[in-house]
Amino acid sequence: MARSRDRFVFMFMVFAGFIWLAVVVMVSLPGSNLRLSVEFDKSQSPDEWKLVGKDSSFRPPVIQRLDLDRLRFEEARRVDAAKNLLAKEQEQKEKQIKEDIERRKVLDRLVPPFKLAQNSMQEAYHVIGNAFAARTSWPSNVDKENELKFNQRVQSGLIVPRWGEHPEVALDSKSPGEFGVDVNINKESLTDVEKKKFDDGWQRNAFNQYASDAISVHRSLPDVRDHECRSLKYHDNLPDTSVIIIFHNEAWSTLLRTVHSVIDRSPPALLKEVILVDDFSDLEHLKKPLENYMEKLGKVYVLRAKSRQGLIRARLLGASRATGKVLTFLDSHCECTRGWLEPLLDRIAQNRSNVVTPIIDVLDDSTLRYQYSSARSTSVGGFDWNLQFNWHAIPAREMSRRKSAVEPVQTPTMAGGLFSIDKTYFEYLGTYDPGMDIWGGENLELSFRTWMCGGALEIVLCSHVGHIFRSRSPYKWRSGVNIVKKNAIRVAEVWMDDYKNYYFERFNFDLGDYGDVSARKELRRRLNCKSFKWYLTNIYPEMFVPGDALASGEIRNKAMGTFGGVRQPICLDSPADRNSMSKPLDLWPCHNMGGNQYWMLSKNGEIRRDDACLDISGDKVIIQNCHGGLGNQQWKYTDEDTLLHVVTRRCLELSEDGAKISLRPCSSVDRQVWSFRRKQPGTEVPVN
């Protein structure tokens, strides 16, 4: 009985096995009615796809893997199709960009417009304008309320959309000067006609106009701001500004590039107007052609002076016509960078008595290369006792006062060419001194007045503007009058109290006619301004004060020198500017007029003029920047009237022929004896 039961179980298991095998085969066949439905979640990766449906757990694992492979293949095919579509769209975008570049080049070739016939110019504008009108990408600083006006300017062909100020996308890097790179002109490769144009441009402008003309008036510049600046937020309700640009016989390309950089990189709501003040130019392109060009820009106005006024009075003319809440003064050969305006206006919005300047970067006068510096390497303004502006490193006291490396830095003086000031505050302070002529000294006068009368002068480190610094002035003025000296004397008389004598002493108090300053002195009294001693103590404590000197004046040798075959008194004579550093100390017949023969002996033993000191290299005496570390810059004026170099224990000696000086063992011969006017006890200024 038991054996019969075991046989039945065995037969049943064999039959069940056959049934199982048949089911597996039928499920695996294509088109089988028993095939399970398959769904997958596209939000998951292929490895996470799961079979769903009736009895999904019944599906054999090997079959599930086959289905997953098929699904992955189909998904990969869809991904490839999507990539191909994106590639085609990118190709179309790049093609559009290239077409825009070509249209922009056509537009730039229309500058200056007066060189083309009016009909052809309008036709070109029409063609370019129609192409630009179809664009759907707008600059980041054009809001909806200004979109219509912007579109009109585009259709007229006057501006080129900037693609949100992303030059790496928008512009052709091969165009001359794009991204602020240099334009190098090989003069030898030019034709005779081109060489003349090259030379004439340098002569007229004191910079390379030939290179400037090769650069687009809309050229791109890198974003030169420090990274910390790019995330800063500014006040919502900033005041608007009138940008005032003075020009006289400016090159067409630099003037237009200045104007377009202001318009293209300033939020329209903040730019009230651009006022171009023509200081009696006589070049043809700056007359009617300029008016026609600027009239189409909408916000640009041209004012004409009826006679040559100079920078100071021309700025006063522009300020009198300005309607913006803030006045921003720029030179006519500048280029504003991205984000230049907002940080300036923000400081004035915080305190209307803030007078602010951007970081003034360098546009190379030969190649137009944009050379910029970081906030950490910025210099502050100063001056010397010749009342000439100069630059200095940010002092340690100012570095420690600020909480951030990009926070605005206080500066004792400003260069004066580029700055913003609240219009009402500018008028309250007394604008510019109308008794000053042309230019020179007005920057120091406004700097002293701002600090001494309750304001503050700052360099805003998140604002950058490039400027062409010229090595000479290309303009002519009436001869026989030292305009800079006259202006400086007015500054000293009004603002420097007794410290003015340190300046007057340098030309033996020969003041000449500097005009009436009584009105400016009354202004200082009415504004209740502080003393110049307060200014030096609190604003510019690093300044070397000549009253601390032990001796000053000319340094005259007891022996005689021979110049032009004539025996005559000889004095130490050398310039002390940056171009004279490391050059040998020179000699010249004494002229008793100060200037390059004026020297001071500090309490530390430095023989100096302002920031330049006598140093040694071997047995030669050279001019070098004062470093305050004594060493080779320490001298002693002995009771025997010799100039002893403390480190080498040698004395300054005139050669036998009176042609040069050197260090020699001290012997008290006449050629080692020097007269140097010593300071009298109880006096601040050396006696005259």
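In the block above lies the structure referred to throughout.
If you're wondering where the values come from, they're calculated on a predicted model, not measured in any experiment.

Undergrad: Quick question: what am I supposed to make of the state of the cysteines here?
TA: Simply put, the disulfide is a covalent bond whose two ends are the sulfur atoms of two cysteines. Under the definition given, this model contains five disulfides. Here Cys 229 is linked by a disulfide to Cys 462, with a sulfur-sulfur distance of 2.0 Å. In this structure, the disulfide formed by Cys 229 and Cys 462 twists by about -75° around the S-S bond and is classed as left-handed. Taken together, the residues Cys 229 in helix 8 (residues 227-230) and Cys 462 in strand 12 (residues 456-468) connect sequence positions 233 residues apart. There is no split in this pair, since Cys 229 and Cys 462 are both buried. There is a disulfide in this structure between Cys 571 and Cys 590, and the S-S distance comes to 2.0 Å. Residues Cys 571 and Cys 590 share a disulfide whose torsion about the S-S bond is about 105°; that sign makes it right-handed. Of this pair, Cys 571 sits in strand 14 (residues 566-572) while Cys 590 is found in the loop between strand 15 (587-589) and strand 16 (599-601), placing the two residues 19 residues apart along the sequence. For the pair formed by Cys 571 and Cys 590, the shared burial category is buried. Described in terms of the sequence order of its bonded cysteines, the disulfide pattern of the protein is 1-3, 2-4, 5-6, 7-8, 9-10. With no disulfide of its own, Cys 334 has Cys 336 as its nearest cysteine by sulfur position, at a separation of 6.7 Å. We classify Cys 334 as buried; its relative accessible area is 1%.

Undergrad: Looking at this structure, I do not really get the pattern of salt bridges. What am I missing?
TA: Opposite charge on two side chains allows them to pair when their charged atoms are near. With the rule as written, the count across this model stands at 36 salt bridges. Its salt-bridge partner being Arg 490, residue Asp 433 comes within 2.9 Å of it at the nearest N-O pair. Here Arg 490 lies in helix 16 (residues 483-495) and Asp 433 lies in the loop between helix 14 (423-429) and helix 15 (442-452), a separation of 57 residues in the sequence. Glu 653 is the partner of Arg 671 in a salt bridge, and the nearest nitrogen-oxygen pair spans 3.0 Å. With Arg 671 in the loop between strand 23 (661-665) and strand 24 (674-678) and Glu 653 in strand 22 (residues 650-654), the pair connects residues that are 18 residues apart, well separated along the chain. We classify Arg 671 as partly exposed; its relative accessible area is 22%. Here the residues in one salt-bridge network are Asp 278, Lys 288, Glu 291 and Arg 304, joined through shared partners.

Undergrad: What should I look at first to understand the packing of aromatic side chains in this one?
TA: Here the distance between the centres and the angle between the planes together describe a pair of aromatic rings. In total, this model carries 24 aromatic pairs according to the counting rule given. When the centroid spacing of 5.1 Å and the interplanar angle of 35° are considered together, the rings of Phe 329 and Phe 419 count as tilted. Taken as a pair, Phe 329 in strand 4 (residues 326-330) and Phe 419 in strand 11 (residues 419-422) lie far apart in primary sequence, 90 residues in all. Exposure class is identical for Phe 329 and Phe 419. Each is buried.

Cut-off values and rules
Residues numbered from 1 in each chain as written. Predicted model: local features only at pLDDT ≥ 70, side-chain atom pairs only at ≥ 80, totals over all residues. Heavy atoms only, no water. Disulfide = S-S within 2.5 Å. Helix = DSSP H or I, 4+ residues; strand = E, 2+ residues; numbered from the N terminus. Buried < 20%, exposed > 50% of the residue type's maximum accessible area, 1.4 Å probe, protein only. Salt bridge = Lys/Arg side-chain N within 4 Å of Asp/Glu carboxyl O. Phe/Tyr/Trp six-rings, centres within 6.5 Å; stacked < 30°, edge-to-face > 60°.

Remember, this is a structural readout, not a statement about activity or role.
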